Amino acid sequence: MDADIAVRGAAQDAAGLIAAMPRLVLEARKIAASVYHGLHGRRRAGTGENFWQYRRFMDGEPSARVDWRRSARDDHLYVREREWEAAHTVWIWPDLSASMVYASPLVWETKRDRALVVAFALAELLVKGGERVGIPGIMRPSASRRIVEKMAEALVHSHRLPESLPPNFSPSPLAEVVLLGDFWSPASEVVASLAAISASGCHGHVVQVCDPAEETFPFSGRIEFREPESGSVLTVGRAETVREDYIARVARHRATIRHEAERRTWSFIVHRTDRPASELLLALHARMSGGLHTPAIEAGSDKATTDRGRAA
C-alpha cells in the first residue's frame, strides 16, 4: 500500500513538472534578461589581452612583470594583470524531490518551481558569459544557446528518481557547483554530501530554498504535519507551544550546514520564495564573480526558522 501511494505521488509530481515546464522556461528567460544588462562574463587573472586590474608585486616574481609607470605614482611596486575568459564548467543541481513541491498560502510558487526558474536563469547568464553548464547525473556540460530548453528536456526525460540530496559525482577541481534545494535532510547527511562533492577541490554554493511558512512557523491550534517523502505524520495539539523549539532546532541545522560550507570556502545562501527570484539570481552571480573566499549569507530571509514539518 505504501509503495502504491509513493508511485502515485511520484507520477503526479512528474505530471505537474511537465505541465509547468513551459511557464518556468519563459519565466527564467524573462528574469535572466532583466538582470543581464550590465553583467559580463566572469573575469579571472590570467593570460589575455584585456587589462583587468593592478595588484601588489610579490617577492619572487620576475621584475619584468612590474608596471613601472604605475609604480612610480606610489611607494609600492605593482603588476598589471590581464583578464582570462577561458570557459569552465558550472554544475547546477535543482532539488526536485517531494518536499520541494510545497507552497503555503503565503506564496503562489512552490519551492521546486523557484529552484528551477533560478537554475534556468543562472544557466542562461553563464552560457552568455562563455561558460558551460551541466546537471549532475542528468546532463553533460553544454554551452548551447538553447541551454534553458536543453536543461528542461533533460530533467523531464531523466530516468533518475528525484532525491533530496545531489548525486555523488566528482567535478573537476576547476569546476563550480551550485546546489538549489531545501536541505531538510538530517544535517549529517547534508554534510556528508557536501564533503563528497567538494573532495576534488571544486568550489560551490549551497542555496537553501524555503517557504515563508517554514521560516515563521505561523501555525497554532491542533495541526497535523506530514513528511512528504516518508509519509510520516505528526499531530501537535497546540502548535504555537513548539514554535521556540522549532526555531532553535532549525537554527542549529543551518549552523551545521553553514559551518561545512564556510570551512570549504563555499557560500551558503537562504532564499525565501516570497522574495523575487531575481534577488537570488543577482546574489549568486555576484558571488560566482567575486572570487573564492565569499562569506556565507542569507538572502531574503529573516531568522533561521525552519524544519521538515509540513502542514497537511
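Reading the values: rules and limits
Residues numbered from 1 in each chain as written. Predicted model: local features only at pLDDT ≥ 70, side-chain atom pairs only at ≥ 80, totals over all residues. Heavy atoms only, no water. pLDDT = per-residue confidence, 0-100. Helix = DSSP H or I, 4+ residues; strand = E, 2+ residues; numbered from the N terminus. Contact = heavy atoms within 4.5 Å. Buried < 20%, exposed > 50% of the residue type's maximum accessible area, 1.4 Å probe, protein only. Core = buried A, V, L, I, M, F, W, Y, C linked by side-chain atoms within 4.5 Å. Arc of directions from axis to C-beta. Pairing = 2+ DSSP bridges. Right-handed = clockwise from strand over helix to strand, strands pointing away. Phe/Tyr/Trp six-rings, centres within 6.5 Å; stacked < 30°, edge-to-face > 60°.

Draft legend 1. Expanded view of the confidence of the model for the chain. Averaged over all residues, the pLDDT of the chain is 82; the fraction at 70 or higher stands at 79%. Strand 1 (residues 44-45) is the least confidently modelled element of the chain, averaging 50 in pLDDT, while strand 7 (residues 176-181) averages 97, the highest of any element. Here residues 291-297 is a poorly scored stretch, pLDDT under 50, and it has 14 contacts once near neighbours within four places are set aside; other chains count. Note on residues 302-312: pLDDT is under 50 here. Beyond four places in sequence and across chains, it has 48 contacts.

Draft legend 2. Broad picture of unusual backbone geometry. The backbone phi angle of Phe217 is positive, close to 50°, even though this residue is not glycine. Its location among the elements puts Phe217 in the loop between helix 6 (212-216) and strand 9 (223-226). Phi at Thr265 takes a positive value of approximately 60°, unusual for a residue other than glycine. Relative to the elements of secondary structure, Thr265 occurs in the loop between helix 7 (243-263) and strand 11 (267-272). Thr265 sits in the partly exposed class, given a relative accessible area of 26%.

Draft legend 3. Broad picture of the nonpolar core. Among the nonpolar cores identified, the biggest contains 44 residues, and Ile92, Phe120, Leu180 and Leu284 are the most heavily contacted of them. At the level of elements, helix 1 (2-36), strand 4 (89-94), helix 3 (111-128), strand 5 (132-135), helix 4 (147-156), strand 7, strand 8 (203-210) and helix 8 (277-289) are the ones that each hand at least two residues to this core. Examining the composition of this core, we find that twelve residues originate from one element, helix 3, more than from any other. If near-sequence neighbours (up to four positions away) are discounted, Phe120 is found in contact with Met21, Leu24, Val25, Ala28, Val148, Met151, Ala152 and Leu155. Within the second largest apolar cluster, 30 residues are counted, among which are Tyr102, Leu194, Val236 and Phe268.

Draft legend 4. View of helix 4. By the burial criterion, the buried members of helix 4 are Ile147, Val148, Met151, Ala152, Ala154 and Leu155. All buried residues of helix 4 project into a common sector of 165° when viewed along the axis, lining one side.

Draft legend 5. Spatial organisation of the environment of Ile223. Tracing the sequence through the fold places Ile223 in strand 9. Judged by its relative accessible area of 17%, Ile223 is buried. Taking the C-alpha atoms as reference points, Ile223 and Arg238, separated by 15 residues in sequence, lie 7.4 Å from one another. Contact partners of Ile223, with chain neighbours within four places excluded, come to Leu234, Thr235, Val236 and Ala239.

Draft legend 6. Structural context of the pairing of strand 4. In terms of burial, strand 4 is a largely internal element, six of the six residues being buried. Pairing analysis gives three bridges linking strand 4 to strand 5, with the strands arranged parallel. Bridge pairing in strand 5 links Thr89 to Arg132. Running through helix 3, the crossover from strand 4 to the neighbouring parallel element strand 5 is right-handed.

Draft legend 7. Molecular detail of the packing of aromatic side chains. Considering all chains together, one arrives at six aromatic pairs under this definition. Aromatic side chains Phe217 and Phe219 sit 5.1 Å apart centroid to centroid with 85° between the ring planes, which places their arrangement in the edge-to-face category. For Phe219, a relative accessible area of 14% gives the class buried. Centre to centre, the rings of Phe217 and Tyr246 are 4.3 Å apart; their planes meet at 35°, and the pair counts as tilted. Taken together, the residues Phe217 in the loop between helix 6 and strand 9 and Tyr246 in helix 7 connect sequence positions 29 residues apart. The pair Phe217 / Tyr246 is uniform in exposure class, with both members buried.

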